[in-house]
Amino acid sequence: MSDQKKKLLVSAIENGTVIDHIPANHLFKVISILGLDSLKKQITFGTNLESKKLGHKAIIKLSEVYFKDEDINKIALIAPHAKLNIIHNFKVTDKRDVQVPEKIKGIAKCGNPKCITNNDNVNTIFYVLPKDSEKVALKCHYCEKITDPEDMEVF
Amino acid sequence: MRHPLEGSARFASEVADIPVVNAGDGANQHPTQTLLDLYSIRKTQGTLENLNVFLIGDLKYGRTVHSLLMAMSNFNTTFNFISPEELKLPDEYKMYLQDKGLEYEEHIDITDNINNADIIYMTRIQRERFSDPMEYEKTKNSYVLKNDMLDGTKENMKILHPLPRVNEIHEDVDENKKSYYFTQALNGVYTRMAIITSILGIK
């Protein structure tokens, strides 16, 4: 398939943000982490698109939506290779990578059922620790147990 | 504060405007036990530095083990972990030691590998920790320390246990001068007196 045809699979936007190189199996997690399901803007996405790097990737195009670094970096836990293209007037005006944050608050559930955060009204806080060169682990501030981002449940 | 949920004491300390002492939060941590363990180790070994520490029994749910490991990791300790497969030390503590560049070994059985120990720290294996009760019956007698197993151990070696014990230290060990767990429990009284006077500002 030519590049031109591939692009047509997900329509172009005039102004906004394109999030590319999301692993296809994590698309819906990315949607819930960024709270896109409650946004009233025009959003299109494609998934199971061929990707040399990821095998299958997903892409999200958001009209009139721009993200703060601290918000978009939350998806680095499950989509560390995601790329952001900032679009103005149909043109890419800026490109950004996501950065793995040191600490994340209130996005994900702790995997430990005996953790205080799963039994009382306490916001979760995780410290992001490097597991190996590719993956990270989330250590709960309260119970100190590790949650694997692959298994994490998003609020 | 002693509480069955993990992280409960840390949360309480964030919302209370008075000092909170964690007296055990679920299977997570037991820091006051650790202070008395450190006191007992230093008293018997003369130092906390460069010791060979064996932790034996339930290393998964044993909160005293988790706190002791974190505290002793500041003193260039070599750790040996002996536990049944189902009760092995959780990965987060192994990652913690790797981060600090400390050596550790894991074993399934108690053998003469205990001969180079400075401290043997026993913990009890509880029936309710096993998903399969038959597995518990098979396991419970494999982690019992008996007097004749101590013949080749070092002169300075001391046996600690947070107590209460079930059957993991045979009663014939109680008379051995290498057993220290009853004095260790007494040290707990002094250590906790010290903690309480320190938070009340009494000198």
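Here's a quick rundown of the structure. Everything numeric in this text was worked out from a predicted model, so none of it was measured. (Residues numbered from 1 in each chain as written. Chains lettered and ligands numbered in written order. Predicted model: local features only at pLDDT ≥ 70, side-chain atom pairs only at ≥ 80, totals over all residues. Heavy atoms only, no water.)

1. Things to note about the environment of Gly106 of chain A
Residue and element names in this part refer to chain A.
Line of reasoning, step 1. Among the secondary structure elements, Gly106 is positioned in the loop between β6 (103-105) and β7 (125-130).
Line of reasoning, step 2. Judged by relative accessible area, which is 38%, Gly106 ranks as partly exposed.
Line of reasoning, step 3. C-alpha of Gly106 to C-alpha of Phe155: the two residues are 49 residues apart in sequence and 7.8 Å apart in space.
Line of reasoning, step 4. Residue contacts for Gly106: discarding those within four places in its chain leaves Thr124 and Phe155. (Helix = DSSP H or I, 4+ residues; strand = E, 2+ residues; numbered from the N terminus. Buried < 20%, exposed > 50% of the residue type's maximum accessible area, 1.4 Å probe, protein only. Contact = heavy atoms within 4.5 Å.)

2. Regarding the packing of helix α3 (residues 63-72) of chain B against helix α4 (residues 91-99) of chain B
Residue and element names in this part refer to chain B.
Line of reasoning, step 1. Between α3 and α4, the least distance of the axes is 11 Å, while the angle of their chain directions is 5°. The angle between α3 and α4 places the two elements in the roughly parallel class. Between α3 and α4, the residues in contact are His66, Leu69 and Met70 and Tyr93, Tyr96 and Leu97, respectively.
Line of reasoning, step 2. When its residues are assigned to classes, the contact of α3 with α4 shows 5 nonpolar, 1 polar and no charged. (Axes fitted to C-alpha atoms, helices over the stretch in contact; angles between N-to-C directions. Parallel < 35°, antiparallel > 145°, perpendicular 65-115°, else oblique. Nonpolar A, V, L, I, M, F, W, Y, C, P; charged D, E, K, R; others polar.)

3. A short note on the side chain of Thr153 of chain B
All names here are of chain B.
Line of reasoning, step 1. With respect to the helices, strands and loops of the structure, Thr153 is situated in the loop between α5 (133-140) and β5 (158-160).
Line of reasoning, step 2. Given the relative accessible area of 6%, Thr153 is considered buried.
Line of reasoning, step 3. Side-chain polar atoms of Thr153 contact the side chain of Lys178, separated by 2.8 Å.
Line of reasoning, step 4. Non-local contacts of Thr153, meaning those with residues more than four positions away in its chain, are made with Ile114, Asn115 and Lys178. (Polar contact = N/O pair within 3.5 Å; in protein donor to acceptor, adjacent residues only side chain to side chain.)

4. Looking at the packing of helix α2 (residues 31-45) of chain B against helix α6 (residues 181-199) of chain B
Residues and elements named next belong to chain B.
Line of reasoning, step 1. Contact pair α2 / α6: the axes reach a minimum separation of 9 Å and the direction vectors enclose 120°. Looking at the two axes, α2 sits oblique to α6. In the packing of α2 onto α6, the handedness of the crossing is right-handed. In this structure, α2 uses Thr32, Gln33, Leu35, Leu36, Asp37, Tyr39, Ser40 and Lys43 to contact α6, whose residues at the interface are Gln184, Asn187, Gly188, Thr191, Arg192 and Ile195.
Line of reasoning, step 2. Partitioned by chemical class, the residues of the contact of α2 with α6 number 4 nonpolar, 7 polar and 3 charged. (Left-handed = near helix turned anticlockwise from the far one by under 90°.)

5. Considerations on the pairing of strand β8 (residues 136-140) of chain A
Residue and element names in this part refer to chain A.
Line of reasoning, step 1. Along β8, 5 of the 5 residues are buried, which leaves the element largely enclosed by surrounding structure.
Line of reasoning, step 2. Alternating residues of β8 divide into Val136, Leu138 and Cys140 and Ala137 and Lys139, and every residue in both groups is buried.
Line of reasoning, step 3. Here 5 bridges tie β7 to β8, and the two strands are oriented antiparallel to one another. Counted as the bridge partner of Val128 is Leu138 from β8.
Line of reasoning, step 4. As judged from the 2 bridges shared by β8 and strand β9 (residues 146-147), these two strands associate in the antiparallel manner. The residue bridging Lys139 from the neighbouring strand is Ile146, located in β9. (Pairing = 2+ DSSP bridges.)

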